[in-house]
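Structural overview for review
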Amino acid sequence: MRPRQLMVGLLLLGCGAESTARLPVDLEARVEREGVVRRAADLTFRYTEAPGRRSPRWEDRRASIVVTPTTILIHKNAKVGLEVTPRTRRDVTIERDGRRVRVRLGQGRAEVLWSFEPPDGDVEGWTRDLRAAVRRAPQEDVP
């Protein structure tokens, strides 16, 4: 009976949460070339569609974030949830809300909000660096 319990325990341990931090080689090379300002792995993001509207939808998503001087990237390994670059054409706003940092993208029904608690507790620093990346990525309204 003991070997069976050991096997079940090892299987359960092996089924633990996998890291979300692995980027494809080309994307990792790009953010390294740009110069990583901040990086955090395996955070819980609150993803909200149409925040502030009568019926917003939200869910918690586990993902990682990379900030460079011109890019904000929220991803789960190769799957990109949010990418803000100089080519981004939607409005982007960075907000601080207590212990959380909010990245607001778009307007109206198409608006989405990604919020998270910085793992190092440096809400002010994360907000500053995210705002700097957005300022360097010129914003234009989408018709």
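Residues numbered from 1 in each chain as written. Predicted model: local features only at pLDDT ≥ 70, side-chain atom pairs only at ≥ 80, totals over all residues. Heavy atoms only, no water.

For helix H3 (residues 123-136), which comprises 14 residues, the first-to-last C-alpha distance of 20 Å matches the rise-based estimate of 20 Å (1.5 Å per residue) to within 8%. Within the sequence span of H3, burial applies to Val-123, Gly-125, Trp-126, Thr-127, Asp-129, Leu-130, Ala-132, Ala-133 and Val-134. Check the buried side of H3 and you find it contacts strand S1 (38-49), strand S2 (57-67), strand S3 (72-76), strand S5 (92-97), strand S6 (100-105) and strand S7 (112-116). (Helix = DSSP H or I, 4+ residues; strand = E, 2+ residues; numbered from the N terminus. Expected span 1.5 Å × (residues − 1). Buried < 20%, exposed > 50% of the residue type's maximum accessible area, 1.4 Å probe, protein only. Contact = heavy atoms within 4.5 Å.)

Further remarks concern the pattern of salt bridges. Inspection of every chain in the model, using the stated rule, returns 19 salt bridges. Notably, a salt bridge pairs Arg-61 with Glu-59, separated by 2.8 Å at the nearest N-O pair. The exposure class assigned to Glu-59 is partly exposed, which follows from its relative accessible area of 37%. Each of Arg-38, Asp-120, Asp-122, Arg-128 and Asp-129 takes part in a single network of salt bridges with overlapping partners. (Salt bridge = Lys/Arg side-chain N within 4 Å of Asp/Glu carboxyl O.)

Attention now goes to the nonpolar core. Core analysis: the largest hydrophobic core is formed by 24 residues, its most contacted members being Ile-65 and Leu-130. For this core, the secondary structure elements donating two or more residues are S1, S2, S3, strand S4 (79-84), S5, S6, S7 and H3. No other element matches H3, which puts five residues into this core. If near-sequence neighbours (up to four positions away) are discounted, Leu-130 is found in contact with Ile-65, Val-67, Ile-72, Ile-94, Val-101, Val-103 and Phe-116. Residues Leu-23, Leu-27, Val-66 and Leu-73 belong to the second largest nonpolar core, which totals five residues. (Core = buried A, V, L, I, M, F, W, Y, C linked by side-chain atoms within 4.5 Å.)

It is a probe the size of a water molecule, rolled over the atoms, that shows where empty space is left. Each pocket or cavity is described by its volume, and for the largest pocket that value is around 160 Å³. Those elements giving two or more residues to the lining of the largest pocket turn out to be S2, S3 and S4. Considered class by class, the residues forming the lining of the largest pocket number four nonpolar, two polar and four charged. (1 Å grid on protein atoms, 1.4 Å probe; cavity = no way out; pocket = protein on both sides within 12 Å on 5 of 7 lines; lining within 4 Å. Points joined across faces, edges and corners; volume = space filled by probe spheres on them. Nonpolar A, V, L, I, M, F, W, Y, C, P; charged D, E, K, R; others polar.)

Moving on to the packing of aromatic side chains. Applying the stated criterion across every chain, the model contains four aromatic pairs. Between the aromatic rings of Phe-45 and Trp-114, the centroid separation amounts to 6.0 Å while the plane-to-plane angle is 80°, which identifies the pairing as edge-to-face. Remark: Trp-114 occurs in strand S7 and Phe-45 occurs in strand S1; sequence separation between them is 69 residues. When the ring centre of Trp-58 is taken as origin, the NZ or CZ atom of Arg-46, which lies over that ring, is 3.6 Å away. Taking the ring centre of Tyr-47 as reference, the NZ or CZ of Arg-61 above it sits at 3.8 Å. (Phe/Tyr/Trp six-rings, centres within 6.5 Å; stacked < 30°, edge-to-face > 60°. Lys NZ or Arg CZ within 6 Å of the ring centre and 35° of its normal.)

Summarising the element assignment, Ser-64 is placed in strand S2. Ser-64 gets classed as buried once you look at its relative accessible area, which sits at 2%. Engagement of the side chain of Ser-64 in a polar contact is seen with the side chain of Thr-20, the distance being 2.6 Å. For Ser-64, the side chain forms a polar contact with the main-chain nitrogen of Ala-21, separated by 3.4 Å. (Polar contact = N/O pair within 3.5 Å; in protein donor to acceptor, adjacent residues only side chain to side chain.)

It is worth spelling out a positive patch on the surface at this point. Together, Arg-96, Arg-131, Arg-135 and Arg-136 line one region of the surface with positive charge. Considering every element that reaches the positive patch, the biggest residue donor is H3, with three residues. Within the fold, Arg-135 resides in helix H3. Assessed through its relative accessible area of 62%, Arg-135 is described here as exposed. (Patch = residues over 30% accessible without salt bridge, like charges linked within 9 Å, V, L, I, M, F, W, Y side chains within 5 Å. Areas by Shrake-Rupley, 256 points an atom, 1.4 Å probe, with all protein chains shown as cover. Lys, Arg positive; Asp, Glu negative; His and termini not counted. Charge placed at Lys NZ, Arg CZ, Asp CG, Glu CD.)

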